[in-house]
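Working through the structure, step by step
So the chains spell out like this:
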Amino acid sequence: MSSAVWRFLDAFRSRPQSTPIPLSNTYDERDNNQQINSPGLIRAFTISTAVSPCWFYLFNFDPIPAFSPKYIIYPHNYSLLFLFFAPWAGPQTFPAVLSRLLQAVLLWRLPLSSISTSYTLWILIALSRTLVGFILSRGIGWAYPSLFRHYALYEMSSGFGPMLWAYLELTGGSDLSKARMTPKLRTYLLIALVVILCWLDNTPWTYAITIALTTSIHLAQIVWDSRRWQDISTSKPAILSQFRHRLAGTIIALLIISAPYWALPRFFPPIRNLIMPQSPFPPSPLIDIMILSFPRPNAAIILNKTISSYLPHIQYDTRLSLYTYSTDHPAFQEMQNEYQNHDVTFHVNNETHPDSIDGHYLHLSEAFKWANDKGVERAEWIMLVEDDFPICGGEAGWEAFVRVMTILEDDRSFEEEEFKQFKRIPKRRGGFIGTGGSGLIIHHSLLPTLAYILRTHAD
């Protein structure tokens, strides 16, 4: 198995080098006579596969979705075919169209024999992105918010750019120009190329993973070559020099492509105008944050922390309610006494249902029924929160919640444009800002259905 891996890594080389070469330079000039001279018709067809998706952008039509690691992590919601056909997905922006034209030029320069290798590299890039996205979200990102990276998982990738650049990087970039260039000049040319492709496609995570992957393959090749060079007494300084040049080139490339994404927001912070939307149908409130509670150890401390995290943001259009189905809940009574002078609603459900199974299904069904039967006080939206789920991140956490509410309310189109009459039911009727069963935002029109389904399970 290990020998097969080393043969794959060695496939990119023509012969071993004994002198240190920087970045994209572990390969010498390849014999152009050995390249496959593709017929013009086949080459034109190959290039058209990169350019034709641009028509999807012009006509706002995208039959092939771009790739995101979520397609692999959540396979029951998506098709794995998106992974294999993503290079042919249409560009979403005009700069991405320009990137496709540049990719077409690269396809023209490369031999046809590069296509299968490049596509294999795309699969490796996509799988590597999936691994990183999982680690920085579901793996450890959720437990350590400072490590959480949303776009590592959800950034959309399409086009031939990453795989073509990976191929050029691994083969030394000799196909970029027929003119003889020094390895150092090729290094600069490859760095400039990946920066341009990354900024045009606006996919920094995809290209960062591509750079890291090609560097890993290069370093593995250096290790493999060092094993062979021991037979001809090659000095260790040459190997260490290649390692240093490779690492330095990778760091430079990563710093350049990431610079706009971390520097611009710091020097030119976005203008924040995040205001909670108003209720479309006053005097009914916009949203009721409903905290469900049940007796547990240290319940008073847990409840107090959760309530105090939401309380500073409560206003006339935003309500805070605490609900319990337990009549023996001392911590609930303690919080009710502590917050009696605040705008917080406490409700204990004293109803009994001997014909139903006592449990989560029944409790949640009754909670939805209570929230829906408030009459004019019924909120347009309900957010379900467990009693151990305080809103985190301070103002940043609340701003995330406001952004979700803004999206949900912006999706509510007018019934008739001339009268500016809001539709009763928005297109989107749910949102999610938390994890597990907390942070579920539900439109009130769904409450009767949800209460019925849950009650059916309880019966």
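Residues numbered from 1 in each chain as written. Predicted model: local features only at pLDDT ≥ 70, side-chain atom pairs only at ≥ 80, totals over all residues. Heavy atoms only, no water.

Right, let's talk about the overall build of the protein for a bit. Within the protein, the secondary structure is distributed over 17 helices and six strands. Considering only intrachain contacts with a sequence separation of at least 6, the fraction spanning at least 24 residues in the protein is 76%. As displayed, the protein offers around 24700 Å² of accessible surface, 62% of which is attributable to carbon and sulfur atoms. (Helix = DSSP H or I, 4+ residues; strand = E, 2+ residues; numbered from the N terminus. Contact = heavy atoms within 4.5 Å. Areas by Shrake-Rupley, 256 points an atom, 1.4 Å probe, with all protein chains shown as cover.)

The next thing to look at is a nonpolar patch on the surface. Nonpolar side chains collect at one region of the surface, where Leu131, Phe134, Ile135, Ile140, Tyr144 and Leu147 lie side by side and expose about 540 Å² of accessible area between them. Tracing the sequence through the fold places Ile140 in the loop between α7 (114–139) and α8 (150–154). (Patch = residues over 30% accessible without salt bridge, like charges linked within 9 Å, V, L, I, M, F, W, Y side chains within 5 Å. Salt bridge = Lys/Arg side-chain N within 4 Å of Asp/Glu carboxyl O.)

This next bit is on the pairing of strand β3 (residues 344–348). Of the pairings in the sheet, the one linking strand β2 (residues 318–324) to β3 comprises five bridges and is parallel in character. The residue bridging Thr324 from the neighbouring strand is Val348, located in β3. Where the polypeptide runs from β2 across helix α14 (residues 330–338) and back to β3, its parallel neighbour, the crossover connection is right-handed. (Pairing = 2+ DSSP bridges. Right-handed = clockwise from strand over helix to strand, strands pointing away.)

With the rule as written, the count across this model stands at seven salt bridges. For the salt bridge of Asp373 with Lys369, the shortest nitrogen-to-oxygen distance reads 3.5 Å. Judged by its relative accessible area of 42%, Lys369 is partly exposed. Arg455 serves as the salt-bridge partner of Asp459, at 3.3 Å between the closest nitrogen and oxygen. Salt bridges linked by common partners bring Arg296, Asp387 and Asp388 together as one network. (Buried < 20%, exposed > 50% of the residue type's maximum accessible area, 1.4 Å probe, protein only.)

The subject of this paragraph is the sheet that holds strand β5 (residues 430–432). One open sheet accounts for six strands, arranged β3-β2-β1-β4-β6-β5; its pairing is mixed. Every interior strand has two partners, whereas the edge strands, β3 and β5, have only one. Averaged over all pairs of adjacent strands, the angle between strand axes in this sheet comes to 20°, irrespective of strand direction. Bridge count for β5 against strand β6 (residues 440–443) is three bridges, and the pairing is antiparallel. Residue pairing for β6: Gly431 is matched across the bridge by Ile441. Here helix α13 (residues 299–310) sits on the sheet in contact with β1 (287–293), β2 and β4 (381–386), set at roughly 175° to β1. (Axes fitted to C-alpha atoms, helices over the stretch in contact; angles between N-to-C directions.)

This part covers the confidence of the model for the protein. Here the protein shows a mean pLDDT of 81. Residues at 70 or above account for 82%. Here helix α1 (residues 2–10) stands out as the least confident element of the protein, with mean pLDDT 50; β1 is the most confident, with 94. Considering only residues more than four positions removed or in separate chains, one finds that residues 14–38, a stretch of pLDDT under 50, has 64 contacts. Segment residues 416–420 is flagged for pLDDT under 50; beyond a separation of four residues in sequence, or across chains, it makes two contacts in the model. (pLDDT = per-residue confidence, 0-100.)

In this section: the nonpolar core. By size, the foremost hydrophobic cluster in this structure holds 37 residues, and its most contacted members are Phe67, Leu106, Trp122, Trp165, Leu168 and Leu193. Residue contacts for Trp165: discarding those within four places in its chain leaves Leu190, Leu193, Val194, Leu197, Thr210, Ile211 and Thr214. Leu286, Ile307, Phe346 and Val402 belong to the second largest nonpolar core, which has 31 residues in total. (Core = buried A, V, L, I, M, F, W, Y, C linked by side-chain atoms within 4.5 Å.)

With that settled, the discussion passes to the environment of Ile307. Tracing the chain through its elements places Ile307 in helix α13. Along the backbone, Ile307 and Phe389 are 82 residues apart, and their C-alpha atoms lie at a distance of 9.3 Å. Setting aside its immediate chain neighbours within four residues, Ile307 contacts Ile291, Leu320, Leu322, Met335 and Tyr339.

What follows concerns the packing of aromatic side chains. The description of an aromatic ring pair rests on the distance of the ring centres and on the angle between the ring planes. Summed over all chains, the structure comprises eight aromatic pairs. Pairing Phe67 with Trp122 gives two aromatic rings, centres 5.8 Å apart and planes at 85°, and the pair type is edge-to-face. On the criterion of sequence distance, the pair formed by Phe67 in the loop between α3 (54–58) and α4 (70–73) and Trp122 in helix α7 is long-range, its members being 55 residues apart. For the pair shown, Phe67 and Trp122 are each scored as buried. An angle of 40° between the planes, with centres 6.1 Å apart, marks the rings of Trp88 and Tyr119 as tilted. Remark: Tyr119 occurs in helix α7 and Trp88 occurs in the loop between α5 (81–85) and α6 (94–109); sequence separation between them is 31 residues. What makes Trp88 partly exposed here is its relative accessible area of 27%. Looking at Tyr119, the relative accessible area reads 25%, which means it is partly exposed. Connected via pairs of aromatic rings, a cluster forms that spans Phe67, Tyr71, Phe82 and Trp122. A cation sits over an aromatic face here: Lys374 above Trp370, 4.1 Å from the ring centre. (Phe/Tyr/Trp six-rings, centres within 6.5 Å; stacked < 30°, edge-to-face > 60°. Lys NZ or Arg CZ within 6 Å of the ring centre and 35° of its normal.)

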